[in-house]
Amino acid sequence: MAYRLGIDVGGTNTDAVILDENNRVLAQTKTHTTEDIESGIATAIQQVFANTNIDKKDVTIAMLGTTQCTNAIVERKKLISVGVIRVAAPATHSIPPFTDWDSELTATIRPQTAIVSGGHEYDGRLIAAVDEAEIRTVLEQWRGKVEAVAVVGVFSALNADQEEQVRAVVAQEYGEDFPISLSSDIGSLGLIERENATILNSALFAVIEKVTSGFENSLRDAGVNDASLFLCQNDGTLMALDYAQKYPIFTIGSGPTNSIRGAAFLSELKDAIVLDIGGTTSDLGVLVNGFPRESSIAVNVGGVKTNFRMPDINSIGIGGGTIVHQHDDGTITIGPDSVGYRITEKALVFGGNILTLTDIAVRLGKINLGDSQKVAHVELDLAQQVERQVKEMLEAAIDSMKTQVGDVNLVLVGGGAIIAPGELNGVKKIYQDDLGAVANAIGATIAQVGGEYEKMYSYDVVDRKAALADATAAAKQQALKAGARSETVKLVEMTETSIAYAPGNTTRVKAKVVGEIQLDNLG
């Protein structure tokens with residue numbers, strides 16, 4: 001029997017599960033996230049195996065969902081210096097790279113920038129050819145000053161040849177192993193947002209290296225030596241470690257995505273709203289055909305506007321560790337601050353001195369946790385008032401995720417789900433499962449390997465069927481690079497968007513495929 005180990009690291013808890021070949025959950029655990037992350041992962045692995053007699057040698061696949069890349073950007077820590085080559089001159093000089101960036105984040109990245117000859121118009125016409133001598137001069141000036149390079153071409157979503165040309169020059173000058181990001185591999189239409197995402201991807205190379213090596217070390221120290229290793233992407237699929245090292249930005253948002261996929265598995269629903277209540281926040285997402293709905297607007301990551309793929313998530317400051325504030329005038333506010341992973345020290349029921357939403361749940365008799373006598377002094381009217389306020393906040397958040405009028409099915413998961421009311425206006429039915437507290441780790445464990453491809457085609461030049469087939473084939477190649485088994489790859493989503501301002505019946509085509517894990521050449 002072969003087994004899969006799934007781990008999800010959140011801001012408050014680190015969860016781990018073991019599934020068998022039939023997707024049965026054999027063991028689960030939830031432990032507090034540690035400041036160094038790695039020791040928390042190690043503890044979760046030890047605890048989950050302590051609950052079963054499974055031989056660690058029989059674990060063939062291990063998956064990790066992590067927030068470390070997100071944290072690095074938000075906290076402005078551990079980011080490396082990036083050289084940005086924008087292939088666009090003589091255009092775009094009026095809006096240089098790092099426009100609208102936070103000064104602290106910019107200083108952390110210690111950037112070098114250059115706008116060099118090249119780029120395309122929206123209809124594919126050449127702005128200018130790439131001047132390789134110019135590129136080499138820039139790189140010589142940067143030598144020793146940058147640790148990674150981001151290459152961004154105007155309308156490279158239409159034609160990425162110039163970005164590839166620049167990549168080849170960088171590899172010649174700095175070496176084949178030097179970290180390089182191409183915007184055509186990462187973002188969508190929109191030069192500045194795509195450039196921002198590409199810069200962040202390059203700045204995260206050291207972070208993802210620590211994540212992957214830490215994951216490998218934690219498993220090895222725990223005795224899991226024969227498993228193929230994967231990281232979770234933010235579209236609900238997996239990627240092999242070597243692929244993740246090239247595209248660390250695709251891990252951003254993977255935590256909520258794992259919960260959505262886990263919720264789909266536990267509820268057996270294909271379409272629903274998912275509410276994942278953790279220790280610090282509640283994340284709401286939408287299931288569409290079993291996968292998370294993707295955001296259609298530019299997404300802010302650490303204050304930087306980007307346009308790479310991200311799940312459509314609404315986060316609010318409600319969790320099991322959220323602090324309840326009582327004011328002198330009798331009013332109450334909930335959060336958004338939280339005791340987070342220190343809930344077992346700070347919450348009243350655990351002997352602390354801070355009133356949290358978990359304390360309110362215990363006072364209302366919704367759960368037997370800690371010492372209920374320690375919240376007996378909390379007035380029942382106060383507890384009920386807090387619950388009504390939580391109910392209103394959750395209902396408003398659910399309504400914000402709807403795309404049509406009417407009640408919806410809601411899947412409730414997460415370790416903080418105990419704070420949710422039993423009924424919510426606008427909700428047809430609430431689905432819960434005993435394993436909902438570890439839905440995120442389950443979502444990581446059941447995930448398939450995915451690939452996406454997006455390109456603009458002129459249907460006046462290229463036959464539509466040929467364009468769709470080309471996009472599908474390119475998406476499949478991405479899935480194979482990420483670690484999918486070729487014969488299992490299938491198309492799960494195809495979208496076509498007409499570009500009104502472009503001639504020739506130009507259409508943006510996006511293909512998404514998924515496949516089963518290829519074990520032969522990994523791990």
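Basis of the calculations
- Residues numbered from 1 in each chain as written.
- Predicted model: local features only at pLDDT ≥ 70, side-chain atom pairs only at ≥ 80, totals over all residues.
- Heavy atoms only, no water.
- Domains from an automatic or database assignment.
- Contact = heavy atoms within 4.5 Å.
- Buried area = accessible area lost by both parts, 1.4 Å probe.
- Salt bridge = Lys/Arg side-chain N within 4 Å of Asp/Glu carboxyl O.
- Axes fitted to C-alpha atoms, helices over the stretch in contact; angles between N-to-C directions.
- Helix = DSSP H or I, 4+ residues; strand = E, 2+ residues; numbered from the N terminus.
- Parallel < 35°, antiparallel > 145°, perpendicular 65-115°, else oblique.
- Nonpolar A, V, L, I, M, F, W, Y, C, P; charged D, E, K, R; others polar.
- Buried < 20%, exposed > 50% of the residue type's maximum accessible area, 1.4 Å probe, protein only.
- Expected span 1.5 Å × (residues − 1).
- Phe/Tyr/Trp six-rings, centres within 6.5 Å; stacked < 30°, edge-to-face > 60°.
- Lys NZ or Arg CZ within 6 Å of the ring centre and 35° of its normal.
- Pairing = 2+ DSSP bridges.
- UniProt positions renumbered as here; feature names shortened; annotations may be inferred.
- Core = buried A, V, L, I, M, F, W, Y, C linked by side-chain atoms within 4.5 Å.

- The chain goes by Hydantoinase/oxoprolinase family protein in an unreviewed UniProt entry, where it is assigned to Ligilactobacillus agilis.

**Considering the domain arrangement of the chain**
Quoted interface sizes are often the accessible area lost when the parts come together.
Link 1 in the chain: We note that the domain assignment places domain 1 (76–202), domain 2 (270–436) and domain 3 (447–515) within the chain.
Link 2 in the chain: The interface is formed by four residues belonging to domain 2 together with six residues belonging to domain 3.
Link 3 in the chain: Buried area between domain 2 and domain 3, both sides added, is near 360 Å², and the carbon and sulfur share of it is 41%.
Link 4 in the chain: By the criterion of area lost to domain 3, the three top residues of domain 2 are Phe 291, Glu 294 and Arg 309, representing 88% of everything that side buries.
Link 5 in the chain: In this assembly, domain 2 and domain 3 are joined by one salt bridge.
Link 6 in the chain: Of the charged contacts in the structure, one is a salt bridge between Lys 510 and Glu 294, with a shortest N-O distance of 2.3 Å.

**Focus on the packing of helix α9 (residues 254–267) against helix α13 (residues 439–446)**
Link 1 in the chain: With their axes 6 Å apart at the nearest point, α9 and α13 run at an angle of 85° to one another. Between α9 and α13, the crossing angle belongs to the class labelled roughly perpendicular. Contact residues: α9 offers Gly 255, Asn 258, Ser 259, Arg 261, Gly 262, Ala 263, Phe 265 and Leu 266, while α13 offers Ala 439, Asn 440, Ile 442, Gly 443, Ala 444 and Ile 446.
Link 2 in the chain: The class makeup of the residues in the contact of α9 with α13 is seven nonpolar, six polar and one charged.

**A word on the pattern of salt bridges**
Close approach of charged atoms allows side chains of opposite charge to pair.
Link 1 in the chain: Under the definition given, this model contains 22 salt bridges.
Link 2 in the chain: Asp 15 is the partner of Lys 30 in a salt bridge, and the nearest nitrogen-oxygen pair spans 3.0 Å. On the criterion of sequence distance, the pair formed by Lys 30 in strand β3 (residues 25–32) and Asp 15 in strand β2 (residues 13–19) is long-range, its members being 15 residues apart.
Link 3 in the chain: Judged by relative accessible area, Asp 15 falls into the buried class, the value being 1%.
Link 4 in the chain: Across the salt bridge formed by Lys 391 and Glu 395, the nearest N and O atoms sit 2.6 Å from each other. A residue pair is termed a helical-turn pair when its members lie 3 or 4 positions apart in one helix, as Lys 391 and Glu 395 do in helix α12 (residues 380–401) at four residues.
Link 5 in the chain: Relative accessible area serves as the criterion here: at 23%, Lys 391 is assigned to the partly exposed category.
Link 6 in the chain: Exposure remark for Glu 395: the relative accessible area of 12% places this residue in the buried category.

**Focus: helix α6 (residues 191–203)**
Link 1 in the chain: Here α6 is 13 residues long and its end C-alpha atoms lie 18 Å apart, about the 18 Å a rise of 1.5 Å per residue gives.
Link 2 in the chain: With eleven of 13 residues buried, α6 is to be regarded as a mostly interior element.
Link 3 in the chain: Those residues of α6 that fall on the buried side of the exposure criterion are Leu 191, Arg 194, Glu 195, Asn 196, Ala 197, Thr 198, Ile 199, Leu 200, Asn 201, Ser 202 and Ala 203.

**Some points on the side chain of Glu 452**
Link 1 in the chain: Locating Glu 452 in the fold gives a position in strand β21 (residues 449–458).
Link 2 in the chain: Residue Glu 452 is classed as buried on the basis of its relative accessible area of 15%.
Link 3 in the chain: If we skip the residues at most four places from it in the chain, Glu 452 touches Asp 235, Glu 294, Arg 309, Ala 475, Gln 478, Lys 510, Ala 511 and Lys 512.

**Remarks on the packing of aromatic side chains**
Link 1 in the chain: Per the stated rule, a full pass over the model turns up four aromatic pairs.
Link 2 in the chain: Ring geometry for Tyr 247 against Phe 250: centres 5.6 Å apart, planes inclined by 25°, an arrangement best described as stacked. The exposure classification of Tyr 247 matches that of Phe 250, with both residues buried.
Link 3 in the chain: Across from the ring centre of Phe 291, 4.3 Å away, lies the NZ or CZ of Arg 261, which sits over that ring.

**Some details on the environment of Asp 312**
Link 1 in the chain: Here Asp 312 shows up in the loop between β15 (304–306) and β16 (314–316).
Link 2 in the chain: Spatially, the C-alpha atom of Asp 312 lies 9.3 Å from that of Thr 257, the residues being 55 residues apart in sequence.
Link 3 in the chain: Those residues in contact with Asp 312, other than ones at most four positions away along the chain, are Leu 284, Gly 285, Val 286, Arg 293, Glu 294, Ser 295 and Met 401.

**Things to note about the pairing of β3**
Link 1 in the chain: Pairing analysis gives seven bridges linking β2 to β3, with the strands arranged antiparallel. Across the sheet, the residue bridging to Val 17 is Gln 28, located in β3.
Link 2 in the chain: Joining the antiparallel neighbours β2 and β3 is a turn of five residues, in which Asn 23 adopts a positive phi near 60°.

**Some words on the UniProt feature "domain: Hydantoinase A/oxoprolinase" (unreviewed entry) in the chain**
Link 1 in the chain: Here, the residues flagged by UniProt with the feature "domain: Hydantoinase A/oxoprolinase" (unreviewed entry) are residues 194–371.
Link 2 in the chain: Taken end to end, residues 194–371 is 33% helix and 25% strand, and its first and last C-alpha atoms sit 51 Å apart.

**As for unusual backbone geometry**
Link 1 in the chain: A cis geometry characterises the amide bond from Ala 89 onward to Pro 90, with omega recorded as 15°.
Link 2 in the chain: A cis amide bond links Gly 335 to the next residue, Pro 336, at an omega of 5°.
Link 3 in the chain: In this fold, Pro 336 is placed in strand β18 (residues 332–338).
Link 4 in the chain: Positive phi, close to 75°, is recorded for Asp 100, a residue that is not glycine.

**Topic: the nonpolar core**
Link 1 in the chain: Core analysis: the largest hydrophobic core is formed by 80 residues, its most contacted members being Leu 5, Ile 7, Phe 49, Ile 109, Phe 215, Ile 252 and Phe 308.
Link 2 in the chain: Core analysis: the next-biggest nonpolar cluster, separate from the first, contains 38 residues, Ala 347, Leu 357, Val 362 and Leu 382 among them.

**Some thoughts on the environment of Ile 115**
Link 1 in the chain: Relative to the elements of secondary structure, Ile 115 occurs in strand β6 (residues 112–117).
Link 2 in the chain: Its relative accessible area of 17% is what places Ile 115 among the buried residues.
Link 3 in the chain: Spatially, the C-alpha atoms of Ile 115 and Gly 175 are 22 Å apart, while their sequence positions differ by 60 residues.
Link 4 in the chain: Sequence-distant contacts of Ile 115, defined by excluding residues within four places in its chain, comprise Arg 86, Ala 88, Ala 89, Ala 91, Thr 92, His 93, Pro 97 and Glu 134.

**Here's the deal with the sheet that holds strand β5 (residues 82–89)**
Link 1 in the chain: Read from one edge of the open sheet, four strands run β6-β5-β7-β8, paired in parallel fashion. Each of the sheet's edge strands pairs with one partner strand only, and the pair in question is β6 and β8 (180–182). When strand polarity is set aside, the average angle formed by the axes of neighbouring strands in this sheet is 20°.
Link 2 in the chain: Of the strand pairs in this sheet, strand β7 (residues 148–153) and β8 are connected by three bridges, and their pairing is parallel. Pairing of Ala 150 across the sheet is with Ser 181, part of β8.

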